[in-house]
Amino acid sequence: MGKGRPRAVEKGVVGASNTVTCCESTSVPSGPVYYPTEDEFKDPLDYIYKIRPEAEPYGICRIVPPKGWNPPFALDLDTFTFPTKTQAIHKLQARPAASDSMTFDLEYSRFLQDQCGKKSRKRVVFEGEDLDLCKLFNAVKRFGGYDKVVDAKKWGDVARFLRPAGKITDCAKHVLCQLYREHLYDYEEFYNKMNQGTAVNCKKGERDERKSDHRVQSSTSKKHPRRVSGLKVKDCKVHVEEERDQICEQCKSGLHGEVMLLCDRCDKGWHTYCLSPPLKQIPQGNWYCFSCLNSDRDSFGFVPGKHYTLEAFRRIADRSRRRWFGSGPVSRVQMEKKFWEIVEGSVGEVEVMYGNDLDTSVYGSGFPRVADQKMQSVDDKLWQEYATIPWNLNNLPKLKGSMLRSIQHNITGVMVPWLYIGMLFSSFCWHFEDHCFYSMNYLHWGEPKCWYSVPGNQASAFEKVMRSSLPDLFDAQPDLLFQLVTMLNPSVLQENGVPVYSVLQEPGNFVITFPRSYHGGFNLGLNCAEAVNFAPADWLPFGAFGADLYQRYHKPAVLSHEELLCVVAQHGDVDSRVSSYLKKELLRISDKEKSWREKLWKDGIIKYSRMTPRKCPQYVGTEEDPTCIICQQYLYLSAVVCSCRPSSFVCLEHSEHLCECKTVKLRLLYRHSLAELFDLAFSMEEFTSDDKAECRSVRRQSSCQGALTKKVKGISVNLNQLATEWLLQSSTILQNPFLSNAFVTTLRKAEQFLWAGSEMDSVRDMVKTLIEAQKWAEGIRDCITKIEFWYQDSTVKKVHLEFIDELLRFNPPPCNEPNYHKLKEYAEEARLLVQDIDTALSRCSKMSELELLYSRACGLPIYMKESKKLEGRISLIKTWLDSVRKCISARHPTVLEFNILYKLKSEILDLQVHLPEIEVFENMLNRAESCSIQCREMLEGPMNLQNVSLLLKEWDNFAVAVPELQLLRQYHSDTVLWVAHVNDLLRRAHVQGDQHNTVNELMHIFEEGSSLKIQVDELPLVEMELKKASCRENALKAHDSRMPLEFIQQLLEEAKMLHIEEEKLFVDLSCVLALAIPWEERAREILSHENPISDFEDMIRDSENIFAILPSLNDVKDAFSEANLWLRNSKPYLVSSPCASSSLLKVEDLQMLVSESKLLKVSLGERRMLELVLKNCKLWECEASSLLDDCRCLFELDNCVDGVSSDLMFRVEDLIARIQSAIASGVSLGFDFIEISKLQASCSTLQWCKRALCFSDCPSSLEDVLEVAEGLSHSSVSGALLKVLVDGVEWLRRALEEISRPCNSRRCHLTEVQDTLNDYKNVNMTFGAVYGQLEEAIRKHMLWQEQVHQFFGLNSRDRSWSLMLQLKELGDTVAFSCSELDMILSEVEKVENWKKRCLDKIGSSVQTDNLLFNVLKKIKQTLERSLFIYGDVKERKDQNLCICCLLHSECQEFLTCSTCMDCYHLQCIGLTAKDTCIENYKCPYCAILIGESHYPSGGGLLRFGKKRIELKILTALLSEAEHFCLSLCRIDEMEVLNELVEKALLCKSFLREILNFASTVVDEDISIVSEKLMKAIKASDVAGVYDEHDNSDLELALAKNLWKIQVNRLLNGVCKPTIRQIQKHMNEGVDMEISAEDHYMLKLTSVKCLGLQWAELAKKVANDSGALSLDKVLEVIVEGENLPVDVDEELKMLRFRCMLYCICRKPYDKKGMIACKQCNEWYHFDCMKLPCTQQLYICPACNPCAEEPLPTNHERLGSAKFVEPKTPSPRHTNPRKKQKRDVGNVTCKMFTTATAAEDRDSSRCRKSNGIECLRWQNRKPFRRAAKKRVELRSLTPILYTQR
C-alpha cells in the first residue's frame, strides 16, 4: 500500500492546533494505520474489503488519504449555528445508579419486618447529615460487596460516591464501614441470596404451614397486588376476573395472568415475556418495575443545552482548555491521564458541551453536495469533484456493493451523516453501531480525536467486564449499553484480559469501526467531524446478530433486516461477492420461517393470508410494517393476528402470547411462501460457478416438507393428504356448473396449503386455475347482465367489445358457464358493424352515409372503438365547415389570421369527404398569397417613404392579416412619427435654456433615425445640431464649476470649429484663461528656488480669484503645509525647559527632525537651533558611557582574593555619587536616554555591594541577610567582585538558618552543618562569630546522641516511658535530623497513636474520664463484679448489696425484686424516690426472662443500657501493643489491658457453660434453666465487655426459654388457642431450632393434629347438603366444643348447617328461592309453585286472604323428598350481605349482584344462604329494610329457557 499524509486544514476554517503533541505513547496499543495510493483510494468499499482481514482483529483502523485529497469545507463558519448537549464527564463512570430511594426504602422496610422482626428502620446520620442507604448500598455493590470493599480498602471510593465534593478522612471511612456493617450487611446477604434463588420468599408476611402452600403463595404473589391471609380461600372465578383487570403496560393485554408480574410499589403489571430483557420465570421475593427502580431525579443523560455559533463555541472551548492545561503545548498522554481521572471521579465535577448527532440534512454537511448551494470561495470544478467522490460520506452508504442502496428514505446517522462539533473532553461513550453496521468517521478540522476499540470477537468479554465493574448500573438498567452514556477505563478492560486498541485521528483522516466492535473516545480540543454507517456484503451475518439482539431486548429496530435481505436479493445489484453472504442469510431466515410455520400448523392454525403487496417493492421501508406487540420487531415476512384484537400483531415466536383464544381462531399472515423464500435463496447461485443441476435438487430438497402431520380430534392428519383431497374437490368444481360460493369456499380452504414449500406447487397451480376460471365465469355473467340491462336503460355503460373478445378467446372454456354461447352471438353482430365502419372510413364518403353508420352503432349494447373513430370523423367535418364559412363571410380588414387559412387547407386532406365550400376557400387563400409576395419584395430592397405609402393604399381593405403587410404598415408609421418629431425639435435647438435635455433628445432622435428601415433626408441636420448642443453644455459646466486649464483651452478650440465662439459663454471663458496662464508661470519659478514662507502665502491667496483648476496649486500648498508641520513638530525642542513637557523626548526624533529640515522648499531659521540641542545630547551620552565603563571595571576587580581591599568601600561610595549626579543632569535635559536605566541599575548594584561589605564589620540578623540575599536575585550585572560578595552572603545565610532552625522549617542534617563549616574556608569574607555558633550547635547534637544510645542500651524493663518523652523533648530542641531522632519520634508516635486508638474505641464506654489508664481500671472493676455474680449470688453474706454496682445501699434508696430478691439502687434502675412505694417490684432481668419487658423500638430480648466494648476489639488492641511494647519500654496501660482481657475470657467461659446447659434441657421443668439464665443476664449486663457471638447465643437461649413459657401459658390458659396460634408457635419453634423431642413441641403437635382432624370432619358435614342427620351433627358440635382448640368458625358453619328454610323445612340446598316482600323470609320456587320470572311475592303467612292456597304436603312431596325436622329455623335481624358462592343458573347469578339501593318497587329474587334464612314458626313482625330484586326484563326469555 502507498504512503501519504493528511491534508493541511483549509484556510478560513478553524484550523488544527499545534498544542497537542503525539510523541508520547500510552499503555493502550495502537490500531493499524493505512496509507492508500491514488488507485487504491478510488473505491472505498473495495479498499476496506482488501484491508479487512488485517484490520478487523483490532476492531478499528485509521486511513490517511493520498496527498491530492483536499475537500473544501462546505459550511459557512460565520453563520453556522448548532445545538449542544451538556455532558457531565465525572459521571460517565463514577456515578451512582439512578435508583429510586422510595423503592429501596420500601424493600428495606419489608426486609426488616419479615427477616428481622422490626417494624421500621432508624434514621442513620453520617457527618451530621442523613445517610442515603440506597446510595450507600449501590456504591458498595459497585465495588463488589462489603467483603471486597473491606479487603481492597475501597471505603474512600465508596464515600466519594456519597459525597463527591467532600473531604474523606480515615475516621469517616471507618464510620461509614461500621454503619454499613450495622444496617446493610444483613440486607446485602439477603439480596444476594434472592438473586441466586436460594432465599425464602417473604413477600406475603406469615409463612404457611406446608412447603407446597408456600410455593403456591410465592408464585401467586406476583399476580395480584393485594396481600391476603393464607387461611382465606378465594373463589377461582372471582380470582380470574381480578386478574383480567390488570393490564400489561407493554402489550396492553390483561390475558395470561399466570405470567403477569405486578410491581410491589406501583402495582402496574408486565408479562414476564414483555420485559426487556424478558424473564424466563417469575423471580422470588419482591419485584419492582424499572420505573420504580430508577429515579428520574438521579437519572443520567446528556442534557440539551443552548444553540451556539461556531465562534462562541470556540471561545468556550479555548477557555476550557486554558483552565486545564494553560496556553502551552500538551501531550496526548497528559490529556488522556486527566480525562480518565475526571471519568473516575477523582478530580471533581466537570461539565463540557458537545454538538453531537447533528442531522446534516438540517444543519448541513461538511462535504460538498450536489443539491447544496456552492460557496463563493470554492471553485466550481472542485466543488463538483468532491460532491460526487465516493469517499464523501453523503455518497458512501449508497455506493455499488452497499446493502443500504435499497433503502429509499433517509435514516439520520445511518443513511444521512451526523455532524459533531467537539471541545476538550467531550466524549462518545462505549457502544457499537445500530444493527452492527460499519461506521466511517472523518475529521474535517481541529484538534485530534482519541478513539478506543474492542474487537467484535471480544464483545461478550467486554460486556462481562462492564457488568462486573458496574453492577449497580446494570441492575437498574439492564440495557445500559444501548444508551451511550457510560465509560470505563481501558486499563480495567486490559486487567481483565480484554484487548483494547487506540487510534489518534488527525484532521483529514478517516476512522473505520468494524461490525460489533465496541468503541468510544473523547476529543482533545475544538474540532469538527462527520460520521455515517455503511454495510458491505460481509456485514450481513453481523446484521442478523444485531436483529436478534433487538428482539432479545425488545428494542425497536432501525430497519427490517428480513426486508433488506429480500429486497436486495430481488432488486439489488448482486455480484459473486454479495451472493455468497446473501444466500446464507436467506437460507437462515427461510429455515427459521419453515420451522415456525410448521409448528404453528401443528398447533392448530388453519387460517392463512398473504400480506398486502408493496407499492414500491424495490425499496426498503417505503411502507410501515406492523410491529410485534411483544418484542417490537418489524413483521415483514410473517405475523399472527386474531379477530379478538384485530389491531394487534405478534411474530411467530410470540404467537402464544397474543390472546387466550383457541389456535383455530388465529390467522397467520405471510408475504412469501416457503417455496418462494427458498427459490430466492438459491437464485443467488446464478452468480456462482456451482453445478446448476445439483443446486436445483438441493433447492427442491430444502423447500419441501417432510411428513408434516398433526392430530385433529385424536386422528393424525397429513398435510399432503389434505392437499390431495382438496385437489380432487377442485377438479369436481371445475366440471360442475359455475357456482360462485363453491369457488370462494374452495379457495378459502386452499389458504392452509399456500404458505408451504414447493411440494404444494400443484395446489398453487390449481388455485391459479380456480381464480382464472372464477374471474372468467364472473366476467361472462357480468357482460350478459349489462347487455340485457342496457336494453331497459340506455344510460347504463356499455360492454366493450375487446373485453368480450378476451373472454371468448378461451378454448376450451375454463369452466362450465351456460351464458357463454349467448354472449358469443352478441359479439358476432358487433363485429359485422365494425367491418362496415372501417369500409366507410377508408374511402371518400358522403356526409349522410357516415351519419347512418353512427346511428346503427348507437343502437347496439356493445361498445366498439371504431364507433368512436366514426364519431370523431363526423365531428371534425362539422367543425371544419363552420370555420370555412366564417372566413368566407368576413368583411372587416385583417380579421382573419394567415395561419388559420393554411391550417384549414391542411385539414382538407384528412376529411376525405365531398363539400362545395372547398373551392371558395381555395380562391381566398390564393389572393392572400399574392399580397404576401408583393410585400416581401418591398421589404427585401431599399425602401422609400413614397413607394411604401402607395403599396399600403392598394391593400388597405383586405380581410386577411398578411404578416408582411402588417410589418410594412408598422415601418411606415414609425417613419412618419420620427420626421414630425425632428421638425419640432429643430425649431427649439438654438434656445440656450436646458442644454442637457436638448443634447439627450437629439441623441435619442439620432439613434432612432439610424435604426429606421425606411430612408429619411433629415438625419444629417440632426447630427450637426447634436455637436453644437454638446459644446454649449460643456461651456455651461465650465461656467458653473472650476474646470482644468487644458479643458477650457480645448473647449474654445472646438467652439471655433463650429463657428459659435462669439457667443457670450465662450467669451467669458477666454477671460478666465488670460488670468490663469501668468499665475502658473510664477508658481513654477517659486517652487524651483527656496523662498520665504510669505511668498507661498501670496500665491495661494492670488489663486482664489482665478475660476479654474491650476496645475501647480497643489504643489504650492503641499510645500507650505510641510513647512508648517515641521515647525509644529520642532516646537517641543525649542522651548526654554523641555523637561516641563508631559512626556520625555526622544533623541532619535530630534535627529530625524534635523534631517527633514534639509528637504524643505521653504527657508526657515529654526533649523540651526535644533542642531545645537542635538549636539548637547550627544555630549551627555558620552559622559554616561564613561561612568558605565568605570562600573564594569570595578565589578571585574580581581585583587580581593585574600580579602576585600581597604579602599574598596571608598571607591564604591565615590562612584555612587558620580552616577547620581549624571542621572540628575540627564533627567534635566528632558530626553529619554537608555543610559539612565543602565546607570540606575549599576547604582543599585553598587548600593547592594556596600550593604554586603558591612556584614564583615558587624554581626547581622538572619532577616537582614535574607533581605540582602534576595536583593541581587534579579540583577543582570556580573563580575569577580560580585561573585565574592554573593558567595559570602550565601554562606552567611546558610549558617544562620542552620543555627536558628525554626520549628516550621525543614530540620537539617548534621552532615549539612559540617559541610557549611568546611565551606567557610572558601569564603573571602570574615564571619567569626557565626563560625563559633556553628561549632557549639554540633557539640550539643553529639551529646544528645550519646544519651539516646545509653537509653537503648538499657534492659527493656528499665526503660521508662517518661525518660523516652524527655529524650523526645530535648531532641526537638537541640538535635539535627538523624536516625536516632527519627527512631525516637517514630516510637513515641506509635505508642501515642495506640493510646489514642484505645481511647477512641474504649473510652466511649466510660464517659467520665479521658485518661486511658483510668478507663481501663473502670472496665476492670465491671468485670470483677461480673465474676462475683457468676461465683454464687445466693450465698452472699451481705444481702443489702446492689447487684448493679456492688455498693452498700444504706446511704441510698433501694428496691428489692419480689422474684429474685436482689437489691437495686433507684438510680441504677432509672427510678426516683417517689417510686419506693412500689409493691411486688419486678426487676428488669426477671421481666426479660418471663417476656414482660417491652421495647418500643422492637428487636431482640437483650437491651443493655450501658455502653460496652467488644472483646475482640480488646484482644486486637492487646495484640497490637505486644508487637512494639515488648522491644520498646514498659507501658502501664498495656499491663492493665492484659489483666482486663484475662478476666473477660473467664467471664466468657462461665457464660458458655450456662448456654451449653440450657441447650440440652428438653423436660417440662425449666426452673433450673431460668435460674442460670437469670445469672447470665445479670453478669452480662454488669460487665463492661461483651462478645457478639455470646450475646446472640444468650438471646437465642432466652428466646427459647420465653417460647416455652408462652406455650405453657397458651395451652394452660383460660382461652383456648386457635389452630393458627398453635401453628405460629410451632413455626417460631422451628425457626429457633427447638428440638422436635422437646416436651412443649410434642404437646403443640398433638393438639394441632387433633384440631385439624375435627376441622376436616366439620367441613365435610357442613357441605353435605343435609345428608347427615341433625342428631349426628349435634354430636359433632358437642365434640368440637370439648376440644382443647378454639374452632369457633367451624362451629358456626355446623350451626348454620342446622338452620332450616321454607315450608319444606330443609337446610340450604342451593335451589332457587324468593324472599317475601313483607317479612323477608325465603321460599323455594318449587315448593311454592312459583314461576322463576316472578318479581314480587308475598307469602301466605303475611297475606292469609290470598286466593292462592299453600301447597299441600302431597304436592311438596311430589317435587322432592320432604322430612319434617325438629329444629326450627332461626330468626334473622341483620340485613343480608353480598353472596360469594357459585349459583346453579343464570337467574341466581343475576340476583346475587343486586343491592338494596336499587329499584325499591321491584320484588326480590335472590339466592339465599344460612345467615339469611327465614324462620317459619313463631314469626313476629320485624322492621326491616326491604331488599329489591334487579330488573332483568331483557333476560326473561333466557331465564325461562334455562329454568
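What this report covers is the structure whose coordinates are included nearby. (Residues numbered from 1 in each chain as written. Predicted model: local features only at pLDDT ≥ 70, side-chain atom pairs only at ≥ 80, totals over all residues. Heavy atoms only, no water.)

### Digging into the overall build of the protein chain
And step 1. Counting secondary structure elements, the protein chain contains 64 helices and 35 strands.
And step 2. Looking at the 1843 residues of the protein chain, the share that counts as buried comes to 46%.
And step 3. Summed over all atoms, the accessible surface of the protein chain reaches about 96,600 Å², with 52% contributed by carbon and sulfur. (Helix = DSSP H or I, 4+ residues; strand = E, 2+ residues; numbered from the N terminus. Buried < 20%, exposed > 50% of the residue type's maximum accessible area, 1.4 Å probe, protein only. Areas by Shrake-Rupley, 256 points an atom, 1.4 Å probe, with all protein chains shown as cover.)

### Examining the pattern of salt bridges
Where side chains of opposite charge bring their charged atoms close, a pairing between them can arise.
And step 1. Evaluation of the coordinates by the stated rule reveals 50 salt bridges.
And step 2. The partner of Lys-42 in a salt bridge is Asp-39, with the nearest N and O atoms 3.6 Å apart. We note that Lys-42, like Asp-39, is exposed.
And step 3. Beyond isolated ion pairs, a larger network of salt bridges with shared partners links Lys-1548, Arg-1552, Asp-1587, Asp-1590 and Asp-1593. (Salt bridge = Lys/Arg side-chain N within 4 Å of Asp/Glu carboxyl O.)

### Some remarks on the side chain of Asn-1601
And step 1. Within the fold, Asn-1601 resides in helix α56 (residues 1588-1612).
And step 2. Not counting residues up to four positions away in its chain, the partners in contact with Asn-1601 are Leu-1489, Ile-1566, Val-1569, Ser-1570 and Leu-1573. (Contact = heavy atoms within 4.5 Å.)

### Brief notes about a negative patch on the surface
And step 1. Where like charges cluster on the molecular surface, the negative patch consists of Asp-147, Asp-151, Asp-186 and Glu-189.
And step 2. For the negative patch, the elements supplying multiple residues, two or more each, are α4 (146-152) and α7 (185-196).
And step 3. Looking at the secondary structure, you find Asp-147 in helix α4. (Patch = residues over 30% accessible without salt bridge, like charges linked within 9 Å, V, L, I, M, F, W, Y side chains within 5 Å. Lys, Arg positive; Asp, Glu negative; His and termini not counted. Charge placed at Lys NZ, Arg CZ, Asp CG, Glu CD.)

### Regarding the sheet that holds strand β19 (residues 527-534)
Either a parallel or an antiparallel arrangement is found when strands of a sheet pair, and the pairing is made through backbone hydrogen bonds.
And step 1. The strand order across the open sheet built from nine strands is β2-β3-β17-β14-β19-β12-β11-β4-β9, with neighbouring strands paired in mixed fashion. The sheet is open, and its two borders are formed by β2 (33-34) and β9 (303-309), each paired with just one other strand.
And step 2. For strand β3 (residues 60-63) and strand β17 (residues 510-513), the ladder comprises four bridges, and the chain directions are antiparallel. Of the residues in β17, the one forming a bridge with Ile-60 is Thr-513.
And step 3. Across the sheet, helix α1 (residues 44-55) touches β2, β3, β14 (438-446), β17 and β19, and the angle it forms with β3 is around 135 degrees.
And step 4. Along the sheet face, helix α11 (residues 310-325) touches β4 (81-88), β9, β11 (351-359), β12 (418-422) and β14 and points at about 115 degrees away from the line of β9. (Pairing = 2+ DSSP bridges. Axes fitted to C-alpha atoms, helices over the stretch in contact; angles between N-to-C directions.)

### Topic: the sheet that holds strand β20 (residues 607-610)
And step 1. The four strands lie next to each other as β20-β23-β21-β22, forming an open sheet whose pairing is mixed. Because the sheet does not close on itself, it has two edges, and the strands there are β20 and β22 (645-650). Direction aside, neighbouring strands of the sheet carry axes that sit 30 degrees apart on average.
And step 2. Here two bridges tie strand β21 (residues 638-642) to β22, and the two strands are oriented antiparallel to one another. Pairing of Cys-642 across the sheet is with Arg-645, part of β22.

### Some points on the environment of Thr-388
And step 1. Note that Thr-388 resides in helix α14 (residues 380-388).
And step 2. Through-space distance from the C-alpha of Thr-388 to that of Phe-367 is 10.0 Å; in sequence the pair is 21 residues apart.
And step 3. The contacts of Thr-388, once residues within four sequence positions are left out, are Val-370 and Asn-395.
And step 4. Among the polar contacts listed, one links the side chain of Thr-388 to the backbone oxygen of Gln-384, at a separation of 3.0 Å. (Polar contact = N/O pair within 3.5 Å; in protein donor to acceptor, adjacent residues only side chain to side chain.)

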